[in-house]
Amino acid sequence: MKDTTLIDNVAGASEIFKEEVRRQASTLLQGFASVDRTEVISATGNPALHGRWMSIIILAGKALKMNFRVHFNEEVAKQLALKVYAKKPEEISTAQAVDFVKEFCNLVAGGVKRTMQDHQMQSLISMPLITRGTDEVFFDIGQPEVAGELPLPKKADHEAGQQDRWTIQTERGDILCSVTFDILEPDAVQTLKDKKTDDAAEEEVEFL
Amino acid sequence: MAKILVIDDSESLRGQVKRDLEAAGHQVAEAFDGMNALEVITATPDVHLIICDVNMPRMDGLTFCVKLKETNGATKYPIFMLTTECSTEMKLKGKENGVVAWITKPYVADKMLVAVDKILAKFGEAAKAA
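Before going further, it helps to examine helix α2 (residues 74-85) of chain A. Those residues of α2(A) lying buried are A:Ala77, A:Lys78, A:Leu80, A:Ala81, A:Leu82, A:Val84 and A:Tyr85. Those residues of α2(A) that are buried are in contact with α1 (4-33), β3 (64-72), α3 (94-118), β6 (162-170) and β7 (173-183) of chain A together with α1 (11-23) of chain B. Taken from the residues just after α2(A), A:Ala86 is the one with a positive phi, measuring 50 degrees.

So, on to the interface of chain B and chain A. Counting residues at the interface gives 24 residues for chain B and 30 residues for chain A. Mapped onto the side of chain B that touches chain A, the elements with two or more residues apiece are α1, α4 (88-96), β5 (99-104) and α5 (109-129) of chain B. A breakdown of the residues in the side of chain B that touches chain A according to their chemical character gives 10 nonpolar, eight polar and six charged. Two elements, strand β8 (residues 206-207) of chain A and β5(B), share two bridges in a ladder whose sense is antiparallel. Within β5(B), the position partnered with A:Glu206 by the bridge is B:Trp102.

This part takes up the nonpolar core. If you look at the biggest cluster of nonpolar residues, it comprises 49 residues, and the most contacted ones within it are A:Ala81, A:Phe104, A:Cys105 and A:Val108. Counting residues per element, the ones that place at least two in this core are α1, β2 (53-61), β3, α2, α3, β6 and β7 of chain A. Element by element, the count of residues in this core is highest for α3(A), at 11 residues. Once residues within four sequence positions are removed from consideration, A:Phe104 is found in contact with A:Leu28, A:Leu29, A:Phe32 and A:Val70. Judged by nonpolar contacts, the second largest core, of 34 residues, contains B:Leu49, B:Ile50, B:Phe80 and B:Met112.

A few words now on the packing of α1(A) against α3(A). Residue and element names in this part refer to chain A. Orientation of α1 relative to α3, taken along the N-to-C sense of each, is 130 degrees, at an axis distance of 9 Å. On the basis of their axis angle, the class for α1 and α3 is oblique. Seen from above, α1 lies across α3 with right-handed handedness. On the side of α1, the interface is formed by Glu 20, Val 21, Gln 24, Ala 25, Leu 28, Leu 29 and Phe 32, while α3 contributes Phe 104, Leu 107, Val 108, Gly 111, Val 112 and Thr 115.

Further remarks concern the packing of α3(A) against α1(B). In the contact formed by α3(A) and α1(B), the axes pass within 7 Å of each other and the chain directions differ by 85 degrees. The orientation of α3(A) with respect to α1(B), classified from their angle, is roughly perpendicular. Facing A:Gln96, A:Asp99, A:Phe100 and A:Glu103 of α3(A), the residues of α1(B) in contact are B:Glu11, B:Ser12 and B:Leu13. Here the contact of α3(A) with α1(B) is composed, by residue class, of two nonpolar, two polar and three charged.

Time to look at the sheet that holds β5(B). In spatial order, the strands read β8(A)-β5(B)-β4(B)-β3(B)-β1(B)-β2(B); together these six strands make up an open sheet with mixed pairing. Here the strands that pair on one side only, and so sit at the sheet edges, are β8 of chain A together with β2 (27-31) of chain B. Bridge count between strand β1 (residues 3-7) of chain B and strand β3 (residues 49-52) of chain B: four bridges; the pairing is parallel. By the bridge assignment, B:Val6 is partnered in β3(B) with B:Ile51. Across the sheet, helix α3 (residues 61-72) of chain B touches β1, β3, β4 (79-83) and β5 of chain B, and the angle it forms with β4(B) is around 170 degrees.

Working note: non-glycine residues mostly have negative phi, and peptide bonds are mostly trans. For A:Ser34, which is not glycine, the phi torsion reads 55 degrees and is therefore positive. Position of A:Ser34 relative to the elements: it lies in the loop between α1 and β1 (38-42). Here A:Ser34 falls in the partly exposed class, since 13 other C-beta atoms lie within 10 Å of it. The phi dihedral of B:Arg58 is positive, around 65 degrees, even though this residue is not glycine. By secondary structure assignment, the location of B:Arg58 is in the loop between β3 and α3. B:Arg58 gets classed as exposed once you count the C-beta atoms within 10 Å, which come to 12.

Topologically, A:Val205 is positioned in the loop between α4 (186-190) and β8. Excluding anything up to four places from it in sequence, A:Val205 contacts B:Ala101, B:Ile103, B:Lys111 and B:Ala115.

Quick notes on the rules
Residues numbered from 1 in each chain as written. Chains lettered and ligands numbered in written order. Predicted model: local features only at pLDDT ≥ 70, side-chain atom pairs only at ≥ 80, totals over all residues. Buried ≥ 20, exposed ≤ 12 C-beta atoms within 10 Å, placed from the backbone. Helix = DSSP H or I, 4+ residues; strand = E, 2+ residues; numbered from the N terminus. Contact = placed C-beta atoms within 7 Å. Nonpolar A, V, L, I, M, F, W, Y, C, P; charged D, E, K, R; others polar. Pairing = 2+ DSSP bridges. Core = buried A, V, L, I, M, F, W, Y, C linked by C-beta atoms within 7 Å. Axes fitted to C-alpha atoms, helices over the stretch in contact; angles between N-to-C directions. Parallel < 35°, antiparallel > 145°, perpendicular 65-115°, else oblique. Left-handed = near helix turned anticlockwise from the far one by under 90°.

Interpretation note: all reported values are geometric properties and have no functional meaning in isolation.
Structure follows, in structure tokens:
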């Protein structure tokens, strides 16, 4: 018999967490790239068709684990990075453009980690990684059919990984963000809605 | 104005911090990880303040603080951590090894610059008194 309370809790926590990651990504891209506006649009379709580059970072804790990814192309990354480097896009190297997106990933994971810590959930984050190519190697977990013939076991609904995918549109180009996550302690994650922390960009300096 | 060493493996983050500090009239040296920072400090020991990330390849920021303390003492260089890390344990370890302030990325330039001025004033007074 299904534990409907658990399933409801996971579903509720999932929506709250998705909203938090979207909020962090949008706010942080606006600040880091110094763009005037960001607009979040839910994405549909095949993510493999969006850009040749991907940056990924992993966060793991007792309450949840996630990987956050940014799919992008080099030209957009150069447009978004131009104010950080105070250069024209054509003067920005590939390495600099990629570094900008890696650091953006790092900031988003750091923002999520800090919000979780503010709600008594400890976590660790990896360093951001970068890869490129035309194949999407991260299939939808919990949905074995997406991975073709791989004999993956089908998970129960409340055990299956959750995911979200959205585009952040700016006046200097768009990037596609995606997050895949497992909620291990739905009650704890639900508390994210109870007390919104201050805007991520408003962190105070702590003197030790 | 002060000479400040910025240590971060991200060139984009270093660039942003450098731009903010230089706009405030400071002189900036850069290092891309802890190991590189030890080399930079050896070559340019007249640094007044160090701004340092935690998670970096080869040598992380907290290990850098320990190494710097071993060779220079804890108070010669005040260290200001600028990082996505925010655990109490890391802050305590940092405090034991010369870290005087901690700001979690992303930072607000104005607040960082105010903190930089406070640290420089405090440690400038300490240096005069010594």
